[in-house]
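Secondary and tertiary structure notes
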Amino acid sequence: MSARMDRGVVTQSLAQIGACGLFLLTLLAAIPRSFRYGRETVRQIWFVGAMSLTIVMTCGLFVGMVLGLQLYDVLSIFGGTSATGTVVAIAIYRELGPVVTALLFAGRAGTSITAEIGLMRATDQLDAMEMMAVDPIAYVAAPRFLAGIVALPLLGVVFCAMGVFGGHLVGVTWLGIDNGTFWSNMTATVDVHKDIINGVLLKSIAFGIVVSLIAVYQGYTTPPTSEGVAYATTRTVVASSIAILALDFVLTSFLI
Amino acid sequence: MTQRRSYAVGTGLFIVLGFAALAYLATQTTSVANARQGDSYTLETHFANVGQLKARAPVKIAGVRVGSVQAIDLVPGKEEAKVTLSIDKAHEDIPDDSVATIFTSGLLGDQYVGIQFGQSKKALAEGGIIGLTRPAQQLEEMIGKFFGGGSAADRLGGTYKVTGHFTNVGSLQAGAAVKMSGVPIGSVDTVVIQPGHLDAFVTLAIDKRYAQIPDDSAAAVFTSGLIGSQYVAIQPGGSPEFLKDGDEMVLTQSALQLEDLIGKFLVNGSPSDNKNGAGKSGGQPDASSGK
Amino acid sequence: MTDPVSSRSDDTIVRVRGLTTVLNGKTIFDSLDLDIPRGKITAIMGPSGTGKTTLLKHITGQMRGDRGEVSVDGQNVPDLSRENLFRLRERIGYLFQNSALLTDFDVFENVAFPLRQHTKLPEVLIRNIVLTKLQAVGLRGAARLMPTELSGGMARRVALARAIVFDPALILYDEPFVGLDPIALNQVLKLIRTLNKTLGITSILVAHELAAVQHVADHVFLIANGKVVAQGDAATLANDGSPWTRQFFGGEADGPVPFQYPAGDYGTALGFPGGSL
């Protein structure tokens, strides 16, 4: 470990990315075997998904409200406040929804996945499973990975719905944009394919894969000490955040 | 085991909530909300130019959405676009002499197909053809019709110079076009402030070919397009005498701010003397002058 | 499924031949030879860091040596496919040093875990098996406690119940006596002996506690420097007079196992010119 410390950050990051990629292959190979543990996957969807609902919904509401407020302010310069709903919806669907949800997910669920698997590693639970002839990749890692991929798009969609609701609350209820105008402008411009499928869903699924992979990988390769678990948790947040934003740029440049 | 079942129930609820939110977003906040997928029938139209019209663009009658554009193809062997419209079964009473026009919603909005009813008692049936159409109007053309437009004049035959005083030239610069009836006839030579004056002194170099400009003509600073560059428009007067080299044009109209222009357009119908008869109420383009 | 381990008649269950393992440049095993007799309690002892736990991991296939053969019941473990290895592991119980109970589940579900994973037994039967095993370790009443609510000794007994839930032919105990108070220690000792005598389960235990080992083990291997340096029953081993046994069982600080970790010259390290003091 200490010999590796000496190498540059770049080499180290590359090595991490490479190891992570190999881990992904192992994980993908284990997914068919993990279908026997469907119940475990369901349980993980509950933990990483449903338990993140509160934070995602709250943040979605506030993001929508802030956007409504700011856009109303800016658009009123051009006399275009009726476009508030449109711009709130598009900004949330294409960028803020998937990205903020993924960041929240990395902080809320990603860390808990890493810490949980890390502690299982530190307390020999993974080895114990190996000894009980249960493949921990299939039983522990894959269900959490799958749960993340399922949960993040759902959370992203909920975030978007709350965001639009928040924008409506501020724009229509408080600032007095006409309700019909708000919705008709939105429905005239927002496109299912471009904004919902390519925006919310596709990005969320991509982020779900990346965040879950990083969280599971960091947990699985944690040095079996309490310090190791702490570092791994931090690394999950840092690596996920960078990966989300970088991937967002790449995806956007392909999708737009 | 009860513990596990509660996870399953909770997870199920979570997934249902997610899909409900997705369904809500997809159907209530997007164009799908407009596309009621009821029974529909198709009509066919032919346009000389569809502009930016896209498939799934709305089809409206009197501003009310009645269907959408199903497909846009080229008519084989012709420079003509075939547009297939999908119209709700609820609106089966479109007269067969109706007119289909491609409109732009607002100044910068998307294009859509508008149908204006004719007088015929016969309604169009499935697969019917709307014979009378008006092609898409490019925004540039529309605005050009109001304000003139085009490129600077070629100066093959040499120029003569006339001058004018403007209280405000906006962002007019030397080299800008001088147009009459929208046709470039010269260019702006200099824009300066003369010593002792508070207004701008503009020298125009006008092509010798256009020597017969009445000497009581007015010069105005206009903007080509919404965000285009400014130019000087000459509005001919009625005097039998013509402008000569070195003459000063007495009647001038200073640059208008874009906001003023749009304001005038929206309120009064036209910012200037309505040369082209454009700007009928509701902002609909006048198709007759398009070709 | 292949024949159960116990149906084999030869009396060696684990055979290690010429096992050589190098980890991070350090030689753990240097051509190690070892035979574990069937149906007995065998203790593997040795100074810390000699790879006793590593040896157990070789037997279960969690680690592979660089050279040599480790066969369990006639099957060479390093050659087994993943599937066959898992099949073999279903017949081996392994008691981890820190019990390694799954923190997500209560005691009952922990013990039931291997059954649920590998069988489709009806719930009633699972319940009966689990309660029988918990009764055997004296913790039937603790079935609904979570692992965090257990003391170290109790956790180890639960782990033991889990390890024997498939009635394995072989149980590996990794440091089963560490951190136990005398009462818990005696309970665990009693359990190891009972399981061996009543069920005929072969037991391999890695331990440091001489008194406990003498109490329970039929056969003892003393491993040092990657080789077996002494073996025999506990009583004779303690008195055989070799420098290894004298140091280990006599608890002397210096001997064949040096007190000093290998280091450069002391004088040089302290900066005295001319080296050695």
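Residues numbered from 1 in each chain as written. Chains lettered and ligands numbered in written order. Predicted model: local features only at pLDDT ≥ 70, side-chain atom pairs only at ≥ 80, totals over all residues. Heavy atoms only, no water.

**Topic: the confidence of the model for chain A**
- Averaged over every residue, the pLDDT of chain A is 90; residues scoring 70 or more account for 97%.
- Per-element confidence in chain A ranges from a low mean pLDDT of 47 for helix α1 (residues 2–5) of chain A to a high of 94 for helix α7 (residues 136–174) of chain A. (pLDDT = per-residue confidence, 0-100. Helix = DSSP H or I, 4+ residues; strand = E, 2+ residues; numbered from the N terminus.)

**Points about the interface of chain B and chain A**
- Tallying the contact residues gives 24 residues for chain B and 27 residues for chain A.
- Summed over both partners, the interface of chain B with chain A comes to about 2,200 Å²; 77% of that surface belongs to carbon and sulfur atoms.
- Among the residues of chain B in contact with chain A, Tyr7, Phe14 and Leu25 of chain B are the three that bury the most area, contributing 30% of the side total.
- Linking chain B with chain A are zero salt bridges, by the criterion used here.
- In this assembly, chain B and chain A are joined by two residue pairs in polar contact (both at pLDDT 80 or more).
- Among the residues forming the side of chain B that touches chain A, the class breakdown is 14 nonpolar, eight polar and two charged. (Contact = heavy atoms within 4.5 Å. Buried area = accessible area lost by both parts, 1.4 Å probe. Salt bridge = Lys/Arg side-chain N within 4 Å of Asp/Glu carboxyl O. Polar contact = N/O pair within 3.5 Å; in protein donor to acceptor, adjacent residues only side chain to side chain. Nonpolar A, V, L, I, M, F, W, Y, C, P; charged D, E, K, R; others polar.)

**So, the sheet that holds strand β16 (residues 251–253) of chain B**
- Spatially, the eight strands line up as an open sheet ordered β15-β9-β12-β11-β10-β14-β13-β16 (chain B), and their pairing is mixed. If you trace the sheet from one side to the other, it starts and ends with β15 (248–249) and β16 of chain B, each paired once. (Pairing = 2+ DSSP bridges.)

**Points about a nonpolar patch on the surface**
All names here are of chain A.
- Residues Val10, Leu14 and Ile17 make up a contiguous nonpolar surface patch of about 330 Å² in total accessible area.
- With respect to the element layout, Ile17 can be found in helix α2 (residues 9–34).
- On the basis of relative accessible area, Ile17 is assigned to the exposed category, the value being 58%. (Patch = residues over 30% accessible without salt bridge, like charges linked within 9 Å, V, L, I, M, F, W, Y side chains within 5 Å. Areas by Shrake-Rupley, 256 points an atom, 1.4 Å probe, with all protein chains shown as cover. Buried < 20%, exposed > 50% of the residue type's maximum accessible area, 1.4 Å probe, protein only.)

**Section: the UniProt feature "transmembrane region" (unreviewed entry) in chain A**
- Here, UniProt's "transmembrane region" (unreviewed entry) annotation points to residues 45–67, 74–93, 145–175, 196–217 and 237–255 of chain A.
- Helix makes up 87% of residues 45–67 of chain A and strand makes up 0%, while its end C-alpha atoms are separated by 30 Å. (UniProt positions renumbered as here; feature names shortened; annotations may be inferred.)

**Concerning the pattern of salt bridges**
Residue and element names in this part refer to chain A.
- Tallying each qualifying case throughout the model produces 21 salt bridges over all chains.
- Between Glu95 and Lys203 there is a salt bridge, with the nearest N and O atoms lying 2.7 Å from each other. Linking Glu95 in helix α5 (residues 84–122) with Lys203 in helix α9 (residues 192–220), this pair joins segments that are 108 residues apart in sequence.
- With a relative accessible area of 3%, Lys203 lands in the buried category.
- Of the charged contacts, one joins Asp248 and Lys203 as a salt bridge, the two residues approaching to 2.8 Å between their closest N and O atoms.

**What to know about helix α8 (residues 179–189) of chain A**
- Along α8 of chain A, the positions that sit buried rather than exposed are Phe182, Met186 and Thr187 of chain A. End-on view of α8 of chain A: buried residues confined to an arc of 110°, all on one side of the axis. (Arc of directions from axis to C-beta.)

**Points about the nonpolar core**
- Within the largest apolar cluster, 113 residues are counted, with the highest numbers of intra-cluster contacts made by Phe23 and Tyr93 of chain A together with Val14, Ile59, Leu170 and Ile204 of chain C.
- Of the residues forming this core, the biggest block, 23 residues, is contributed by α7 of chain A.
- Counting contributing residues, this core receives three or more from each of domain 1 (9–91 + 169–260) and domain 2 (98–167) of chain C.
- Look past the residues within four positions of Ile204 of chain C in its chain and what remains in contact with it is Val14, Ile36, Thr42, Ile44, Leu56, Ile59, Leu170, Ile171, Leu172 and Tyr173 of chain C.
- Core analysis: the second largest hydrophobic core is formed by 51 residues, Ala155, Val165, Leu180 and Ala234 of chain C among them. (Core = buried A, V, L, I, M, F, W, Y, C linked by side-chain atoms within 4.5 Å. Domains from an automatic or database assignment.)

**Considerations on the packing of helix α5 (residues 152–163) of chain C against helix α6 (residues 182–199) of chain C**
Residues and elements named next belong to chain C.
- Following both chains from N to C, one finds α5 and α6 inclined at 15°, their axes separated by 10 Å at the closest point. Comparing their axes, α6 and α5 come out roughly parallel. Of the two possible hands of crossing, α5 and α6 adopt the one that is right-handed. Residues Gly153, Arg157 and Leu160 of α5 touch α6, and the partners they reach there are Ala184, Gln187, Leu191 and Leu195. (Axes fitted to C-alpha atoms, helices over the stretch in contact; angles between N-to-C directions. Parallel < 35°, antiparallel > 145°, perpendicular 65-115°, else oblique. Left-handed = near helix turned anticlockwise from the far one by under 90°.)

**Side note on unusual backbone geometry**
- Positive phi, normally seen in glycine, also occurs at Ala133 of chain A, with a value near 60°.
- Following the sequence through the fold, Ala133 of chain A ends up in the loop between α6 (125–131) and α7.
- The phi dihedral of Ser99 of chain C is positive, around 70°, even though this residue is not glycine.
- Looking at where Ser99 of chain C falls in the secondary structure, it is placed in the loop between β6 (92–95) and α3 (107–118).

**A word on the sheet that holds strand β8 (residues 132–134) of chain B**
All names here are of chain B.
- Here we have eight strands laid out as an open sheet, ordered β7-β1-β4-β3-β2-β6-β5-β8, and mixed in their pairing. Looking at strand neighbours, the two that pair on one side only are β7 (129–130) and β8, the edges of this open sheet.
- One ladder, built from six bridges, connects strand β5 (residues 99–104) with strand β6 (residues 111–116); its direction is antiparallel. What sits directly across from Ala100, in β6, is Ile115.

**Looking at the packing of aromatic side chains**
- Counting across every chain of the model gives 10 aromatic pairs over all chains.
- For the ring pair Trp46 of chain A and Tyr7 of chain B, a centre distance of 6.4 Å and an interplane angle of 50° mean the geometry is tilted. Of this pair, Trp46 of chain A sits in helix α3 (residues 38–49) while Tyr7 of chain B sits in helix α1 (residues 2–28), each in a different chain.
- Given a relative accessible area of 16%, Tyr7 of chain B falls into the buried group.
- Through pairs of rings, three or more aromatic residues link up here, namely Tyr37 and Tyr139 of chain A together with Phe105 and Phe113 of chain C.
- Here Lys179 of chain B stacks its cationic end above the ring of Tyr231 of chain B, 4.4 Å away from the centre of that ring.
- Positioned above the aromatic ring of Phe108 of chain C, the side-chain terminus of Arg144 of chain C is 4.6 Å from the ring centre. (Phe/Tyr/Trp six-rings, centres within 6.5 Å; stacked < 30°, edge-to-face > 60°. Lys NZ or Arg CZ within 6 Å of the ring centre and 35° of its normal.)

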